[in-house]
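The lines below spell out each chain.
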Amino acid sequence: PVSATNVTTATPDAAYARGRIIHRLLQSLPDIPAASRIGAVERFLSHPRHGLNLTQRGEIAHEVHRLLVDEKFEVLWSSASLAEAPLAGRINGAIVFRQVDRLCLKEDEVWIVDYKTNRPPPLTEKDIPAPYRQQLAEYRVLLSGIYPGKKVRCFLLWTFTADLMEIPA
């Protein structure tokens with residue numbers, strides 16, 4: 001269970017760095033055989049450039065591992081998904097370039113999944129920050145143009161609580 005007592009307090013810079021680390025692990029680990037992941041995570045997190053202590057490394061490793069082994073997220077790490085998928089197109093006449101954390105291509109749907117490492121995350125859809133909604137709306141516009149015959153669905157994956165929250169259009 002998540003509570004205010006087991007959330008590590010971090011400065012904005014530390015929280016941003018932690019988010020980048022989790023994003024990088026979720027980008028790379030699905031391509032590594034499951035038996036080799038623990039060692040890969042330990043090597044990555046112990047690198048001095050991250051400046052993480054043992055507790056921080058353990059928290060991040062646990063958070064990422066929990067996502068990768070949970071069957072409800074299986075589709076996110078399958079061969080039908082792309083990590084850090086680049087997008088380009090027009091939004092309101094302007095040429096834009098974006099990058100989706102995880103793009104899942106299903107038979108009749110396209111899933112946009114954006115990782116969010118907020119600690120703790122919002123509990124309800126109405127509490128989602130406006131910039132997150134705007135980001136997903138832009139992704140939706142771009143991917144609707146690329147995949148006109150497919151339903152485009154947007155999700156936020158709250159890494160701290162292992163919750164995949166759909167954000168409707």
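Right above here is the structure, for reference.
Residues numbered from 1 in each chain as written. Predicted model: local features only at pLDDT ≥ 70, side-chain atom pairs only at ≥ 80, totals over all residues. Heavy atoms only, no water.

So what's going on with the overall build of the protein? Which residues, and what values?
In terms of helices and strands, the protein carries 4 helices and 5 strands. Here the protein has a C-alpha radius of gyration of 17 Å; the compact-globule value for 169 residues is 15 Å, and the two agree. The principal-axis extents of the C-alpha atoms in the protein amount to approximately 45 × 35 × 30 Å. Across the protein, the fraction of contacts at a sequence separation of at least 24, relative to all contacts at a separation of at least 6, is 62%. Split by element, the accessible area of the protein, about 9600 Å² in all, is 56% carbon and sulfur. Looking at charge distribution, the protein has the averaged site of its 21 positive side-chain charges lying 4 Å from that of its 19 negative ones. (Helix = DSSP H or I, 4+ residues; strand = E, 2+ residues; numbered from the N terminus. Rg over C-alpha atoms; globule rule 2.2 N^0.38 Å. Contact = heavy atoms within 4.5 Å. Areas by Shrake-Rupley, 256 points an atom, 1.4 Å probe, with all protein chains shown as cover. Lys, Arg positive; Asp, Glu negative; His and termini not counted. Charge placed at Lys NZ, Arg CZ, Asp CG, Glu CD.)

Help me get a handle on the nonpolar core, residues and values and all.
Across soluble globular proteins, nonpolar side chains show a tendency to be buried alongside one another. Leu25 and Trp77 are the most contacted members of the largest nonpolar core, which totals 24 residues. Of all the secondary structure elements, the ones that give two or more residues to this core are helix 1 (12-28), helix 2 (34-45), helix 3 (54-69), strand 3 (109-116) and strand 4 (151-158). Ignoring anything within four residues of it in the chain, the contact list for Trp77 reads Leu26, Pro30, Leu67, Leu68, Arg102, Tyr115 and Leu157. In terms of nonpolar packing, the next biggest core, distinct from the first, is built from 20 residues, Tyr132, Val152, Cys154 and Met165 among them. (Core = buried A, V, L, I, M, F, W, Y, C linked by side-chain atoms within 4.5 Å. Buried < 20%, exposed > 50% of the residue type's maximum accessible area, 1.4 Å probe, protein only.)

Give me the packing of aromatic side chains: which residues, what numbers.
Summed over the entire model, instances satisfying the criterion amount to 3 aromatic pairs. Here the aromatic rings of Trp77 and Tyr115 are separated by 6.3 Å at their centres, their planes lie at 45 degrees, and the arrangement is tilted. Of the two residues, Trp77 is situated in the loop between helix 3 and strand 1 (81-91) and Tyr115 in strand 3; the sequence distance between them amounts to 38 residues. Taken as a pair, Trp77 and Tyr115 share a single burial class, namely buried. (Phe/Tyr/Trp six-rings, centres within 6.5 Å; stacked < 30°, edge-to-face > 60°.)

For the sheet that holds strand 4, give the residues involved together with the corresponding values.
Spatially, 5 strands are ordered 1-2-3-4-5 in an open sheet, and the strand pairing comes out mixed. This sheet does not close on itself; its edge strands, each paired only once, are strand 1 and strand 5 (163-166). Between one strand axis and the next, the sheet turns by 40 degrees as a mean value, whatever way the strands run. Pairing between strand 1 and strand 2 (residues 94-105): 10 bridges, direction antiparallel. Note on strand 2: the bridge partner recorded for Leu87 is Arg98. Each of strand 1, strand 2, strand 3 and strand 4 touches helix 4 (residues 130-146); the most contacted strand, strand 1, lies at about 85 degrees to it. (Pairing = 2+ DSSP bridges. Axes fitted to C-alpha atoms, helices over the stretch in contact; angles between N-to-C directions.)

Run through helix 3, naming residues and quoting values.
Spanning 16 residues, helix 3 covers 22 Å between terminal C-alpha atoms, matching the ideal 22 Å at 1.5 Å per step. The complete set of buried residues in helix 3 reads Ile60, Glu63, Val64, Leu67 and Leu68. End-on view of helix 3: buried residues confined to an arc of 130 degrees, all on one side of the axis. The outward face of helix 3, more than 90 degrees from its buried face, is lined by the exposed residues Leu54 and Thr55. Summarising the contacts, the buried residues of helix 3 are in contact with helix 1, helix 2 and strand 4. Put simply, Asn53 is the residue that caps the front of helix 3, since its side-chain oxygen is 3.0 Å from the backbone nitrogen of Thr55. (Expected span 1.5 Å × (residues − 1). Arc of directions from axis to C-beta. Polar contact = N/O pair within 3.5 Å; in protein donor to acceptor, adjacent residues only side chain to side chain.)

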